[in-house]
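Listed here are the chains, written in short residue letters.
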Amino acid sequence: MKILKAKQKLQHFMSIRSDNPDLLKAQYRAFTRQMPMMYLILISSTWALSITHMQSAPIWLTVGIPALFTLGCMLRITFWWRTRNIDPMPDVAHAALVRTNRLAVGLPIAFTVWSFLLVPYGDAYAQSHVAFYMAITVISCIFCLMYVRSAAFIVTVIVNGAFVLFFIASRQPTFIAIAINVALVCAGMMSILLTNYRNFERMVISQQRTEALSNENLLLANIDSLTELPNRRAFFTHLEVEFERAKAENTRLALGVIDLDGFKPVNDLYGHSVGDRLLIDVSRRLTTSLKASRAFRLGGDEFAIVAPLAPDDALLVANANAISERLGEPYHLPEGTVHVSASMGIAVFPDLASTLEQLFDRADYALYHAKKTRRGGAVLFDAEHERQINIEARIEHLLKQANLEDELSVMFQPIVNIGDEQTVGFEALARWYSPVLGHVSPGQFFPIAERAGIVSSLTQPLLKKALAFASQWEEPLRLSFNLSAHDLNSREGVLSLVGIIEGSRFDAGRLDLEITETALTLDFEQIKSSVEMLRRLGCGISLDDFGTGYSSLTRLHALPLTKIKIDRSFVTDLHKKPASYKIVKSLLTLSRDMGLECVVEGVETPDELAALRGLGATLVQGYLYSRPLSEKGAAEWCFAAAPASRLVC
């Protein structure tokens, strides 16, 4: 009976378990990462031993057999390398491990016999190398086979058993001592291996239990822990249910997507704890503002409202604006009074949204337009938006198919010092002529390229063209060039820009690269790193459209800026608008205090220019001086004799 039990235990020990699929797959994944290393060790050790015997042993023994071993090992390396990232079915994993168990018999015997055949050749040093080879081989195999204990045990018994018997039989005291020492070391390592394998089994089983608990908790994980609103997962589940109901009952279903404007500066200024309390207050206001509808937190500062049995469009928009207005009221927190606004995009089923995906996408598109044109208000997706989507899809398609080197061109608008009426540089402005669409406004195709993630394919050829033309200018004329946030949002992108600048004949010290304030709302640390790299190259860094974004002064101070540009929205009729006048005055003062140059954009009338002179502005650009010029026009402008005659009244 004892013999039978011992036999069963041995069979269990030497077999590959198939009763636990998760354990089997975990063994396979861990094993595949180590097998290539084991075969590489075998190859390198075999050729090292072979080389030391080439002068004394026959070539078939020192080259032929190692070459066969290498071929076999490379085939196995290729197999395991190809399967390293595969998540196999349990039966596939079991078959692969069983095959490894079988190979654990043949391979050790082959390598052991070959090494013994080398013993008669060479001197004592060469024989010692054989002993070292067998010892280090079995030790490395034990490590690499630790997740398949039966294979590790087989290899150890075959190689170590033959090694010990062979060298004890040599009656050479040194070899006998080495054999006994290696046997003891391998015994200790096998003990450690068995302990580690048991721990590995326990870990996998523990993970199984944890996953089971996690799956159970997942059923309850539909509440946002901060705001206690239903979360994104609950939102999509609820939306799908309401959508199917509306479709079955032929009723209207409205979806509103809300984004807080100015939330990020609150986090930057007051910290995340204040931002969290603000989100809690927003969720409370949102909940109390709703009756038949239901609110959700999608994540960050984004919320959603699902409104079944939606009223007519006019009432729907009115209700949405009332919610946005309520969310836009001041928030009185212990740290101070906080102001944010809430933009909302709305889409309605079945009006212009016939599927669940369309409903969400079109609400999101309406939100984009709300943030762009009605910040702090609500926009309902309508037929004009649908037409715009089709146009933008066509533009995106044509951009991806376009020969940008030929179709893109650059215009240049002068930047003038109003103190002496001298031109100090030009801003490069992109133009695209599509053979299909004709001239397309940059205000239209650039945002589309940014959303499609292809804006860098536009920036790079435009920068090359602008630098090529500007290289003909005499010093100290400068070139200003606009960059997208996406151009700076990765190290690879900024390195491409650096390569273009360094490969041009234009002095980087005369190049001003313009970034928008909204770019700072993305990955600020990466943007900062990219800007610093360009600054080290010698380029100036201008902050474009200053005052229109939501960046905190702390972030602006952290960037190595050299210039700011005041947006034209503050300049138009500033002599008639006290608020605009005060804003421009404050921005000019701020630029002087920060030691930055300041360019005022969009100067179109003599009255605007006179007001800017009174405020102490020095650098301006706009239609008052010149519309954007072609390369020929810019060249003629540079050589014009009388600076005063450049005024276009």
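This is a predicted model, so every value here is computed, not measured.

Asks: Please explain the overall build of the protein as it appears in this structure.
Replies: A tally of helices and strands in the protein yields 23 helices and 16 strands. Here the C-alpha radius of gyration of the protein, 37 Å, is well above what a compact globule of 649 residues would show, namely 26 Å. Taken over 649 residues, the protein has a buried fraction of 47%. Partitioning the intrachain contacts of the protein with sequence separation of at least 6 by distance along the chain shows that 71% fall at a separation of at least 24. Surface accessibility of the protein: about 32,000 Å² in total, with carbon and sulfur atoms responsible for 58%. Positive and negative side-chain charges in the protein, numbering 63 and 66 respectively, have mean positions lying 10 Å apart.

Asks: Before we go on, may I ask you to explain the environment of I258 in this structure?
Replies: By the secondary structure assignment, I258 is in strand β1 (residues 253–261). Using a relative accessible area of 1% as the deciding quantity, one classes I258 as buried. Here the alpha-carbon distance between I258 and I41, two residues 217 residues apart in the chain, equals 59 Å. Those residues in contact with I258 that lie beyond four places of it in its chain are L286, D301, E302, F303, I305, L327, A342, S343 and M344.

Asks: How should I be thinking about the packing of helix α10 (residues 272–289) against helix α11 (residues 313–327) in this particular structure?
Replies: In contact at an axis separation of 10 Å, α10 and α11 are set at 150 degrees when each is read in the N-to-C sense. The pairing of α10 with α11 is recorded here as roughly antiparallel in orientation. Judged by the twist between their axes, the crossing of α10 over α11 is right-handed. Residues V282, R285, L286 and S289 of α10 pack against I323, R326 and L327 of α11. Each residue belonging to the contact of α10 with α11 can be placed in one class, and the counts come to four nonpolar, one polar and two charged.

Asks: Please clarify how the nonpolar core should be interpreted in this entry.
Replies: Residues F412 and L479 are the most contacted members of the largest nonpolar core, which totals 78 residues. Broken down by element, this core gets its largest block of residues, seven residues, from helix α16 (residues 456–470). Not counting residues up to four positions away in its chain, the partners in contact with L479 are F412, F426, A428, A466, L467, A470, W473, F506, R510, L511 and D512. M35, A57, A96 and L118 belong to the second-largest nonpolar core, a separate cluster that totals 59 residues.

Asks: Hey, could you run me through helix α22 (residues 606–615) in this one?
Replies: An α-helix turns once per 3.6 residues; consequently, residues spaced three or four apart project the same way. Listed in full, the buried residues belonging to α22 are E608, L609, A611, L612 and L615. One face of α22 carries all of its buried residues, which in axial projection span an arc of 160 degrees. The inward-facing, buried residues of α22 contact α21 (578–593), β15 (597–600) and β16 (619–620). Immediately downstream of α22, the backbone of G616 shows phi near 90 degrees, a positive value.

Asks: I'm lost on the packing of aromatic side chains in this one. Help?
Replies: Geometry of an aromatic ring pair is reported as the spacing of the ring centres plus the angle between the planes. What the rule picks out here adds up to 16 aromatic pairs. For the pair F235 and F296, a centre-to-centre distance of 5.5 Å together with 70 degrees between the ring planes defines the contact as edge-to-face. With F235 in helix α8 (residues 232–249) and F296 in strand β2 (residues 294–299), this pair connects stretches of sequence that are 61 residues apart. Accessibility classification places F235 together with F296 in one group, the buried group. Judged by centre distance (5.4 Å) and plane angle (55 degrees), the ring pair of F236 and F360 falls under tilted.

Asks: Honestly, the pattern of salt bridges in this entry has me stumped. Any pointers?
Replies: Pairs can form between side chains of opposite charge whenever their charged atoms are close. Evaluated as defined, the whole model comprises 23 salt bridges. Where R245 meets E242, a salt bridge forms, and the shortest distance between an N and an O atom there is 3.2 Å. In this pair, R245 and E242 are both assigned in helix α8, three residues apart and thus about one turn of the helix distant. R245 sits in the partly exposed class, given a relative accessible area of 43%. With relative accessibility at 8%, the residue E242 sits in the buried group. Note that R326 is salt-bridged to E329, the shortest N-O span being 2.8 Å. Residue classification places E329 among the partly exposed residues on the basis of a relative accessible area of 35%. Taken together, the shared-partner salt bridges connect D259, D261, K371 and R375 into one network.

Asks: What's the story with the side chain of N267 in this structure? I'm lost.
Replies: For N267, the location among the structural elements is in helix α9 (residues 263–270). In this structure N267 touches H272 and G275, once residues within four positions along its chain are discounted.

Asks: I would appreciate a short explanation of the sheet that holds β2 in the present structure.
Replies: Hydrogen bonds between backbone atoms are what pair the strands of a sheet, whose relative direction is either parallel or antiparallel. Pairing in this open sheet of five strands is mixed, and the strands run β2-β3-β1-β6-β7 from one edge to the other. With one partner strand each, in any of the chains shown, β2 and β7 (378–380) form the two edges of the open sheet. With direction set aside, neighbouring strand axes in the sheet form an average angle of 20 degrees. Pairing analysis gives three bridges linking strand β6 (residues 341–349) to β7, with the strands arranged parallel. Considered in β7, the bridge of M344 is made with A378. Of the strands in this sheet, β1, β2 and β3 (302–308) are in contact with α10, which crosses β3 at around 10 degrees.

Asks: How should a negative patch on the surface be read in this particular structure?
Replies: The grouping of E240, E357, D361 and D364 at the surface amounts to a negative patch. Of the residues forming the negative patch, the biggest block, three residues, is contributed by helix α12 (residues 356–373). One can find E240 in helix α8. Owing to a relative accessible area of 44%, E240 belongs among the partly exposed residues under this scheme.

Parameters and conventions
- Residues numbered from 1 in each chain as written.
- Predicted model: local features only at pLDDT ≥ 70, side-chain atom pairs only at ≥ 80, totals over all residues.
- Heavy atoms only, no water.
- Helix = DSSP H or I, 4+ residues; strand = E, 2+ residues; numbered from the N terminus.
- Rg over C-alpha atoms; globule rule 2.2 N^0.38 Å.
- Buried < 20%, exposed > 50% of the residue type's maximum accessible area, 1.4 Å probe, protein only.
- Contact = heavy atoms within 4.5 Å.
- Areas by Shrake-Rupley, 256 points an atom, 1.4 Å probe, with all protein chains shown as cover.
- Lys, Arg positive; Asp, Glu negative; His and termini not counted.
- Charge placed at Lys NZ, Arg CZ, Asp CG, Glu CD.
- Axes fitted to C-alpha atoms, helices over the stretch in contact; angles between N-to-C directions.
- Parallel < 35°, antiparallel > 145°, perpendicular 65-115°, else oblique.
- Left-handed = near helix turned anticlockwise from the far one by under 90°.
- Nonpolar A, V, L, I, M, F, W, Y, C, P; charged D, E, K, R; others polar.
- Core = buried A, V, L, I, M, F, W, Y, C linked by side-chain atoms within 4.5 Å.
- Arc of directions from axis to C-beta.
- Phe/Tyr/Trp six-rings, centres within 6.5 Å; stacked < 30°, edge-to-face > 60°.
- Salt bridge = Lys/Arg side-chain N within 4 Å of Asp/Glu carboxyl O.
- Pairing = 2+ DSSP bridges.
- Patch = residues over 30% accessible without salt bridge, like charges linked within 9 Å, V, L, I, M, F, W, Y side chains within 5 Å.

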